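Next come the chains, spelled out residue by residue.
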Amino acid sequence: MTDNNFNPSVEEWYYPDENVRATSNAPDYDATYTKAMGDIESFWAERARSLEWFEPWDKVLDRSGAPFFKWFVGGKTNIAYNALDRHVKTWRKNKLALIFEGEPGDKQTYSYWRLNQEVNKFANVLRSMGVKKGDRVTIYMGRIPEIMIAMLACAKVGAVHSVIYGGFSEQAIADRVEDAQSRVLITCDGAWLRGNIVPLKETVDKAIAKSPIVETVIVVKRTNQPVNMEQGRDYWYHDLMTLPIASPRFETQVMDAEDPLFILYTSGTTGKPKGILHTHGGYSVYISTTLSWVFDLKDEDRWWCAADPGWITGHSYIVYGPLILGATGFMYEGAPTFPYPNRWWKLVEDYGITVLYTAPTAIRGLMRFGEAWPNRHDLSSLRLLGSVGEPINPEAWKWYHRVIGKEKCPIMDTWWQTETGGFMITPLPSTALKPGSATRPFPGIDIDVVNEAGESVPPGTDGNLVIKQPWPGMLRTVYGDPDRYVRQYWNTYAKQGWYVTGDSARKDKDGYVWIIGRNDDVIKVSGYRLGTAEIESGLVSHPAVAEAAAVGIPDEVRGNIIYAYCILRSDYSASEALIEELKEHIRHQIGPIAVPSKLEIVPSLPKTRSGKIMRRVIRARAMGMPEGDISTLEE
Ligand code: WTA
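Cut-offs used in this document
Residues numbered from 1 in each chain as written. Predicted model: local features only at pLDDT ≥ 70, side-chain atom pairs only at ≥ 80, totals over all residues. Heavy atoms only, no water. Near = heavy atom within 4 Å. Polar contact = N/O pair within 3.5 Å; in protein donor to acceptor, adjacent residues only side chain to side chain. Areas by Shrake-Rupley, 256 points an atom, 1.4 Å probe, with all protein chains shown as cover. Nonpolar A, V, L, I, M, F, W, Y, C, P; charged D, E, K, R; others polar. Buried < 20%, exposed > 50% of the residue type's maximum accessible area, 1.4 Å probe, protein only. Helix = DSSP H or I, 4+ residues; strand = E, 2+ residues; numbered from the N terminus. Pairing = 2+ DSSP bridges. Salt bridge = Lys/Arg side-chain N within 4 Å of Asp/Glu carboxyl O. Contact = heavy atoms within 4.5 Å. Axes fitted to C-alpha atoms, helices over the stretch in contact; angles between N-to-C directions. Disulfide = S-S within 2.5 Å. Phe/Tyr/Trp six-rings, centres within 6.5 Å; stacked < 30°, edge-to-face > 60°. Lys NZ or Arg CZ within 6 Å of the ring centre and 35° of its normal. Parallel < 35°, antiparallel > 145°, perpendicular 65-115°, else oblique.

Student: Tell me about the site of the ligand, residues and numbers included.
Tutor: In the region of the ligand, 17 residues are neighbours, and Asp413, Thr414, Thr418, Lys524 and Arg529 sit closest. Aspartate 413 places a polar side-chain atom, nitrogen or oxygen, 2.7 Å from a nitrogen atom of the ligand. At 2.6 Å from an oxygen atom of the ligand is found a side-chain nitrogen or oxygen belonging to arginine 529. Burial of the ligand by the surrounding chains reaches 97%, relative to a free accessible area of 520 Å². Tallied by class, the residues present in the shell around the ligand amount to 6 nonpolar, 5 polar and 6 charged.

The following block contains the structure:
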């Protein structure tokens, strides 16, 4: 089953402007790819040498515990040292690290110097609250500079951050806090979105009621509405940051290359989200190399990755990657359409953004409002564009290219996952592009499209996308569940030792990769990754629901939307009010993004003889398509 049915049939080439090619940071693709594949260890070692290490590594790649690979074994580093400390020793201390605009229009800037001072102060606060190396700290905040400060301060202390996207609700937070055994939580009173306040602190209070393991809550004041502050548990960030303990001097903790940096929960095929674990060393090398070569960041650039820091895109390419490269990043708090659908284009003009990286769903959403909105603004500062999160349909690609990029900005369609840490299949600025294809693997990345038996499929044929060699940015495990790590990613092709991505793809005759979509029970809704099982277990946790099935249905703007079907317990009867109540329940259990667009009460669900719900059949029915092979169908 695939969750995207677009057909890359028409072949069109877009060649980059000579100027883009001539000035790019990236080396020649073919030569570098060949060289890297000849000796991946030397290739990555050379890349690692562009960073600072407290102590060099003894071994680049240790395969002995495969699939628990280790990178830069014996090396000592700290990602925050490379992101901040080393820059403030150079002229770069005067450079802007971050430019911020809030949804209400408030503005802030942080030089590398100021950002480092704030991070040091907060690192001292955390340490004074007993946070030590290896402790897990949960961060649940809006898109404001303090989320970066909090993440970087954790890194400096050597604590492991677990950022939960601000769109998730209380049960999702409680589950993640519990899984990570996190005693400290950092949040805000609220976040601005579409002119309204998202009451983050209120949600945190409800989550802690379910998961009392949290002992300390630090609250950033952002939206100013009254919030409940529990004596002895809740502290205002601004109070803590003025205490004498919050000194701007902090000695960054020396970490092992393989020490954990963060856990990021993502959806998989069961109801329980997986804590994807990334480390200090290999991850630093991987994200800085990919960002430098793909988006070609230079000192003159103003880089805007419009994702949320709460997703892997934000971790790698809002927070850590740009700072390691010493770049200037831009962050905007709110909705692209607030107060009008020109907000993003106005921001590009106001701040002279040169590189914009966003998701197809955002492009399609803004496309709906027509060209007049972007055309009102001078977008000539842009030189490169990017896309991530789901396949970009050629129509949206071309609109982005023509209307936003004025036909001079190559589009970097980057395929990757929370698990991969950074871009895996992606063009470089000099790559000839085909709209809808993420093109070819990054140098050092060995991918293939194979059938169930593990044989490469011929060009034009769908298969499973696999990765055949380890890479430094790879996840190291599923937090607290190493068996799940092995089962989920390495068991399908255990004999060959390949990583299975969960995506279907095809290669064309030029070796360009076309991602078809997920081939497991993961749905991408507006680029957000959700598991059908997560939504189903959310529904079943309501007393009225006996059984539930959720499926993804293609949608023009959001990529996919969720349809859900519920069987009620015998003492409940169907009504509009109950349907609304169930939707509300999901909003609280998981978050607004998981609320089904359609929720139907049904007397039965199609199941196999073994009792497994046949989502393929449900989905086909919902879309009015033939149901395919239903010979195993029982009900
Ligand atoms: C999908 C997001 C097509 C894919 C960084 C992958 C894409 C999943 C692309 C990971 C792309 C991501 N083209 N599909 N350029 N980028 N995907 O973990 O299905 O939120 O497996 O990471 O998004 O989603 P995740």
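Text resumes after the structure shown.
Student: A description of the pairing of strand 26 (residues 522–525) should follow, citing residues and the corresponding values.
Tutor: Side chains of strand 26 alternate between two faces, with Val522 and Lys524 and Ile523 and Val525 buried alike. In this structure, strand 26 lies alongside strand 27 (residues 528–531), joined through 4 bridges in antiparallel fashion. Bridging from a neighbouring strand, valine 525 pairs with tyrosine 528 of strand 27. The turn linking strand 26 back onto strand 27 is made up of 2 residues, and serine 526 within it adopts a positive phi angle of 50°.

Student: Got a sec to walk through the pattern of salt bridges? Specific residues and values, please.
Tutor: This model, assessed by the stated rule, comprises 48 salt bridges. The salt bridge partner of aspartate 510 is lysine 434, with a shortest N-O separation of 2.6 Å. Residue aspartate 510 is found in the loop between strand 24 (499–507) and strand 25 (513–518), and its partner lysine 434 is found in the loop between strand 20 (411–414) and strand 21 (447–450); the two are separated by 76 residues along the sequence. Judged by relative accessible area, which is 32%, aspartate 510 ranks as partly exposed. A salt bridge links aspartate 510 to lysine 509; its shortest N-O distance comes to 3.8 Å. Connected through salt bridges with shared partners, the residues Lys201, Asp205, Glu230, Arg233 and Asp234 form a single ionic network.

Student: Break down the side chain of glutamine 589 for me, citing the residues and quoting the values.
Tutor: Looking at where glutamine 589 falls in the secondary structure, it is placed in helix 18 (residues 576–589). Judged by relative accessible area, which is 15%, glutamine 589 ranks as buried. Residues within four places of glutamine 589 in sequence aside, it is in contact with Ser169, Gln171, Ala172, Lys210, Gly538 and Ser541.

Student: How would you explain the sheet that holds strand 18 (residues 355–358) if you had to name every residue and give the values?
Tutor: As summarised here, the arrangement of the 7 strands in space is 5-4-17-16-18-19-20, forming an open sheet in which the pairing is mixed. Each having just a single partner strand, strand 5 (107–111) and strand 20 make up the two edges of the open sheet. On average, each strand axis in the sheet is tilted by 20° relative to the strand beside it, whichever way the strands run. The pairing of strand 16 (residues 303–305) with strand 17 (residues 329–332) spans 2 bridges and is classified as parallel. By the bridge assignment, tryptophan 304 is partnered in strand 17 with phenylalanine 330. The sheet strands contacting helix 6 (residues 145–157) are strand 4 (96–101), strand 5 and strand 17, and the helix crosses strand 5 at an angle near 30°.

Student: Outline the state of the cysteines, supporting the account with residue identities and numerical values.
Tutor: The final tally for this structure, using the stated rule, is 0 disulfides. Unpaired in terms of disulfides, cysteine 154 finds its nearest cysteine sulfur in cysteine 188, a separation of 14 Å. Relative accessible area serves as the criterion here: at 0%, cysteine 154 is assigned to the buried category.

Student: Could you give an account of the environment of aspartate 259, naming the residues involved and the relevant values?
Tutor: Mapped onto the secondary structure, aspartate 259 falls in the loop between strand 13 (255–256) and strand 14 (260–266). Among the residues examined, aspartate 259 registers a relative accessible area of 16% and is labelled buried. Along the backbone, aspartate 259 and isoleucine 147 are 112 residues apart, and their C-alpha atoms lie at a distance of 22 Å. Residues in contact with aspartate 259, not counting those within four places in the same chain, are Lys133, Thr279 and His280.

Student: Break down the packing of aromatic side chains for me, citing the residues and quoting the values.
Tutor: All told, the structure shown has 44 aromatic pairs when counted by the stated rule. Look at phenylalanine 43 and tryptophan 44: their rings are 4.8 Å apart centre to centre, the planes differ by 70°, and that puts the pair in the edge-to-face class. Take phenylalanine 43: its relative accessible area is 10%, and that puts it in the buried class. Note on tryptophan 344 and tryptophan 345: the rings are 6.3 Å apart at their centroids and 85° apart in plane angle, and the pair reads as edge-to-face. For the residue pair tryptophan 344 and tryptophan 345, the accessibility class agrees, reading buried in each case. Members of the aromatic cluster, connected to one another through ring pairs, are Phe68, Phe69, Trp471, Tyr485, Tyr489, Trp490 and Tyr499. Positioned above the aromatic ring of tryptophan 373 is the side chain of arginine 376, whose terminal nitrogen or guanidinium carbon lies 4.5 Å from the ring centre.

Student: Account for helix 3 (residues 40–48), naming residues and giving values.
Tutor: Within helix 3, burial applies to Ile40, Phe43, Trp44, Ala45, Arg47 and Ala48. Check the buried side of helix 3 and you find it contacts helix 2 (29–38), strand 1 (59–62), strand 2 (70–73) and helix 10 (281–294).

Student: A description of the sheet that holds strand 15 (residues 274–279) should follow, citing residues and the corresponding values.
Tutor: Reading across the sheet, the 8 strands line up as 12-11-8-6-7-14-15-23 and stay open at both edges, with mixed pairing between neighbours. The open sheet has two edge strands with one neighbour each: strand 12 (234–236) and strand 23 (477–478). In this structure, strand 11 (residues 216–220) lies alongside strand 12, joined through 3 bridges in parallel fashion. Bridge pairing in strand 12 places isoleucine 218 opposite tyrosine 235. The strands touched by helix 6 are strand 6 (136–140), strand 7 (160–163), strand 8 (184–188), strand 11 and strand 14; relative to strand 6, the strand with the most contacts, the crossing angle is about 175°.

Student: Summarise the packing of helix 10 against helix 11 (residues 312–324); cite the residues concerned and give the values.
Tutor: Packing of helix 10 against helix 11 leaves a shortest axis separation of 9 Å and a crossing angle of 85°. Overall, the two elements helix 10 and helix 11 adopt an arrangement that is roughly perpendicular. Contact with helix 10, carried on its side by Tyr283, Ser284, Ile287, Ser288, Thr290 and Leu291, involves His315, Ser316, Tyr317, Tyr320, Gly321, Pro322 and Ile324 of helix 11 and no other residues of that element. A class-by-class count of the residues in the contact of helix 10 with helix 11 yields 7 nonpolar, 6 polar and no charged.

Student: Any details on unusual backbone geometry? Residues and values, ideally.
Tutor: Cis geometry marks the peptide bond from alanine 66 to proline 67; its omega dihedral reads 5°. Relative to the helices and strands, proline 67 is located in the loop between strand 1 and strand 2. Although it is not a glycine, asparagine 224 sits at a positive phi angle of roughly 70°. Considering the arrangement of structural elements, one finds asparagine 224 in the loop between strand 11 and strand 12. The phi dihedral of serine 526 is positive, around 50°, even though this residue is not glycine. One can find serine 526 in the loop between strand 26 and strand 27.

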